[in-house]
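# Observations on the three-dimensional arrangement
Letter by letter, the chains look like this.
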Amino acid sequence: MHKSITDAIITEEMRIPSDTAGIELFVRNKRSSDLVQFSADKTVLFVAGSTYPASTSFDLRLDGLSWMDHLAHKGYDVYLVDVRGYGRSTRPAEMEAPAPDNQPIVRTPVAVRDVASAAAFVRSRRELDKINLIGWSWGTTLMSRYTSENAAHVNKLILIAPQWLRTTPSAADAGGPLGAYRIVERSATKDRWLNGVPEDKKDTILPAAWFEAWAEATFADTGIGPDKLRAPNGTVQDSRECWASGKPLYDPALLTVPVLIVHADWDRDCPIDMAQTVFSKLSAAPYRRWVEIGEGTHSVFMEKNRWQVFDAVDGFLGELPVL
């Protein structure tokens, strides 16, 4: 475990066991040095999407402050987990072999088990029955499926750019046969990020320095040289077999906790109809909310309007339970 204290924020980094021998999960915790009383209402776990790790998304310092920092300053005990094969968690052995040698790895049920391992670790560490969950993109599927199976352990659920059945091709799917993983080139990431943004808005939405900060963090220490990373292809296979074939991987009607959906209007990875459909199916949630943010992409929480995301989540998490 690595521990540091900066700007009154305590940061701890650790690797916890998964449910698979030899696979460890990277977990980071941030909290105020003044925080001594832990509660379900004020504990949060993040998980990211199908290409990039949580550790370089939710804890990316832009203008000196990350989303994790923001929540820690607000009195939250904040965690993130990198699913196996992503970021600083263990890479399955298939990722060290040529991609065509193996079938797509880290499919949704496996990643949900990693979420379960991280959530159980946080609850045990703080002696809590419940925590709050925040998922982004594919991470919304992981958190939703986990919640549908473990509602007793979830306080509130926040879905940033929710995944759902699709009629358009997945941006992560280049077509053709799928191996265990795919290679993502740094040079291609900015155009994909800003897909759908008007040309005259691109530099405003995503300042060059912010993109470079994210790219430097995300493409560092990937194990295959500079400016490339390996992303497991399990999610792409899931998209082909399930999301593009009318077979959702979770049922929103089984979510029995309060749910917040946050979506941005220029999101081309998970278009607005996905958010609308998920919202319409949250029939068992005690209450549900949808916040649509103008001038933002799939990665809106790392862009100029990120404060709108932070404010929406702060308000939702801070509300008293509905009686």
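See the structure shown above.
Computed from a predicted model, the values in this text were never measured in an experiment. (Residues numbered from 1 in each chain as written. Predicted model: local features only at pLDDT ≥ 70, side-chain atom pairs only at ≥ 80, totals over all residues. Heavy atoms only, no water.)

### Structural notes on the packing of aromatic side chains
One pass over the structure, following the stated rule, counts 20 aromatic pairs. A ring pair is formed by W193 and W214, whose centres lie 5.2 Å apart and whose planes are at 90°; its orientation type is edge-to-face. With a gap of 21 residues between them, W193 in helix α4 (residues 186–193) and W214 in helix α6 (residues 208–218) connect regions that are remote in the sequence. Under the relative-accessibility criterion, W193 is labelled buried at 9%. Linked through ring pairs, F46, F58, W67, W136, F301, W307 and F310 together constitute an aromatic cluster. We note R126 situated over the ring of F38; from NZ or CZ to the ring centre the distance is 3.9 Å. (Phe/Tyr/Trp six-rings, centres within 6.5 Å; stacked < 30°, edge-to-face > 60°. Helix = DSSP H or I, 4+ residues; strand = E, 2+ residues; numbered from the N terminus. Buried < 20%, exposed > 50% of the residue type's maximum accessible area, 1.4 Å probe, protein only. Lys NZ or Arg CZ within 6 Å of the ring centre and 35° of its normal.)

### Points about the nonpolar core
Core analysis: the biggest nonpolar cluster contains 49 residues, and L45, L133, L142, L157, V259 and I261 have the highest contact counts within it. A per-element tally of this core places helix α2 (residues 108–126) first, with six residues. The residues touching L45, leaving out its near neighbours within four places in the chain, are Y79, L80, V81, V115, A118, A119, I131, N132, L133, I134 and M143. Counting residues in hydrophobic clusters, the runner-up holds 47 residues, among them M68, I158, L194 and W214. (Core = buried A, V, L, I, M, F, W, Y, C linked by side-chain atoms within 4.5 Å. Contact = heavy atoms within 4.5 Å.)

### Focus on the pairing of strand β11 (residues 288–293)
The pairing of strand β10 (residues 259–264) with β11 spans six bridges and is parallel. The residue bridging V262 from the neighbouring strand is V291, located in β11. A crossover connection joins β10 to the parallel β11 through helix α8 (residues 272–280); in handedness this β-α-β unit is right-handed. (Pairing = 2+ DSSP bridges. Right-handed = clockwise from strand over helix to strand, strands pointing away.)

Geometry only, nothing functional implied.
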